[in-house]
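Each chain is listed here by its residues.
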Amino acid sequence: MNQLVIDAICMRLSAGMEVLTRLESQVRTGLFGDNWQFMWGIRNSIAHGYLLVNSDIVRQTIQMDLPEIVRVIECEISDT
């Protein structure tokens, strides 16, 4: 992935985390448990240290973490 793609992905990830902050904290905890703090930390790293974001971590997040996050959200939406 080139840097432009990494930058675009980072912006989308950050925006996604921002949207999730609109959920009540109990709902976020129910969906993501202790992972929310880590997720928010990644958002802060992107938003406040943009040039320092490790592209390998972004790739790993997309490949390993994002599918599970999407699955959890989709399950929550389908249950409501």
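In case you missed it, the structure is sitting above this.
Residues numbered from 1 in each chain as written. Predicted model: local features only at pLDDT ≥ 70, side-chain atom pairs only at ≥ 80, totals over all residues. Heavy atoms only, no water.

*Asks:* Looking at this model, I keep getting lost on the overall build of the chain. Mind explaining?
*Replies:* When you go through the chain residue by residue, the secondary structure sums to 4 helices and 0 strands. Ordering the α and β elements of the chain from the N terminus gives α-α-α-α. The C-alpha atoms of the chain give a radius of gyration of 13 Å, which matches the 12 Å a tight globule of 80 residues would have. Projected onto its principal axes, the C-alpha coordinates of the chain cover approximately 40 × 20 × 20 Å. Partitioning the intrachain contacts of the chain with sequence separation of at least 6 by distance along the chain shows that 60% fall at a separation of at least 24. Put simply, the chain shows about 5,700 Å² of open surface, and 57% of that area lies on carbon and sulfur atoms. Within the chain, the 10 negative side-chain charges are centred at a point lying 6 Å from the centre of the 6 positive side-chain charges. (Helix = DSSP H or I, 4+ residues; strand = E, 2+ residues; numbered from the N terminus. Rg over C-alpha atoms; globule rule 2.2 N^0.38 Å. Contact = heavy atoms within 4.5 Å. Areas by Shrake-Rupley, 256 points an atom, 1.4 Å probe, with all protein chains shown as cover. Lys, Arg positive; Asp, Glu negative; His and termini not counted. Charge placed at Lys NZ, Arg CZ, Asp CG, Glu CD.)

*Asks:* Can you walk me through the nonpolar core in this structure?
*Replies:* Here is a general trend for soluble globular proteins: nonpolar side chains tend to be buried in one another's company. The biggest cluster of nonpolar side chains holds 8 residues, and these are Met17, Leu20, Leu31, Phe32, Trp36, Met39, Ile69 and Val72. Mapped onto this core, the elements with two or more residues apiece are helix H1 (3–20), helix H2 (25–32), helix H3 (35–48) and helix H4 (55–79). If near-sequence neighbours (up to four positions away) are discounted, leucine 31 is found in contact with Leu23, Val72 and Glu76. In this structure, Ile6, Ile9, Ile46 and Val58 belong to the second largest nonpolar core, which totals 6 residues. (Core = buried A, V, L, I, M, F, W, Y, C linked by side-chain atoms within 4.5 Å. Buried < 20%, exposed > 50% of the residue type's maximum accessible area, 1.4 Å probe, protein only.)

*Asks:* Please clarify how the environment of threonine 61 should be interpreted in this entry.
*Replies:* By secondary structure assignment, the location of threonine 61 is in helix H4. What makes threonine 61 buried here is its relative accessible area of 14%. Not counting the four nearest positions on each side in its chain, threonine 61 is found in contact with Leu13, Leu66 and Pro67. A polar contact is formed between the side chain of threonine 61 and the backbone oxygen of isoleucine 57, at a distance of 2.8 Å. (Polar contact = N/O pair within 3.5 Å; in protein donor to acceptor, adjacent residues only side chain to side chain.)

Take it as geometry only, folks, not as evidence of what the structure does.
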